[in-house]
Amino acid sequence: MNCKECGERTSVTWTQKQLGGTINHGYRRRLRKCNKCGFRGYTGEIWLLLATPPEPKPIYTKEEVVAIKKREVSIRRKNEDRRNNEET
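Residues numbered from 1 in each chain as written. Predicted model: local features only at pLDDT ≥ 70, side-chain atom pairs only at ≥ 80, totals over all residues. Heavy atoms only, no water.

1. Considering the pattern of salt bridges
Okay, step 1: Using the criterion set out here, one finds one salt bridge in the structure.
Okay, step 2: Glu-86 is paired through a salt bridge with Arg-82; the nearest N and O atoms lie 3.3 Å apart. Placement of the pair is Glu-86 and Arg-82 together in helix 1 (residues 62–87), with a separation of four residues, close to one helical turn.
Okay, step 3: Overall, the relative accessible area of 55% leaves Glu-86 in the exposed class.
Okay, step 4: What makes Arg-82 partly exposed here is its relative accessible area of 40%. (Salt bridge = Lys/Arg side-chain N within 4 Å of Asp/Glu carboxyl O. Helix = DSSP H or I, 4+ residues; strand = E, 2+ residues; numbered from the N terminus. Buried < 20%, exposed > 50% of the residue type's maximum accessible area, 1.4 Å probe, protein only.)

In structure tokens form, the structure reads like this:
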């Protein structure tokens with residue numbers, strides 16, 4: 001962001017995040033300082049909490065999920081067969 005006095009770049013020296021008056025709004029206040037002339041000023045940012053976060057991408061494809069489930073079932077069946085053989 002540029003300085004209002006000289007037009008040079010400013011840097012953020014302090015930030016405060018606050019919840020607004022309503023449930024779905026928030027506010028971020030920043031103190032900025034000009035790198036050239038030293039002018040200080042506050043800027044504000046209003047953000048909305050209405051947007052839902054994006055759906056995470058699945059780790060496995062549908063085919064891989066089916067294969068994993070089949071493998072789990074086959075391992076479980078092998079263990080049951082082994083137990084049955086040990087009992088007899």
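Structure's up, so let's keep going.
2. Points about the side chain of Thr-43
Okay, step 1: Of note, Thr-43 is situated in strand 3 (residues 40–48).
Okay, step 2: Within the structure, Thr-43 has its side chain in polar contact with the side chain of Arg-32 (distance 3.5 Å).
Okay, step 3: Here Thr-43 is in contact with Met-1, Arg-28, Arg-29, Arg-30 and Arg-32, once residues within four sequence places are set aside. (Polar contact = N/O pair within 3.5 Å; in protein donor to acceptor, adjacent residues only side chain to side chain. Contact = heavy atoms within 4.5 Å.)

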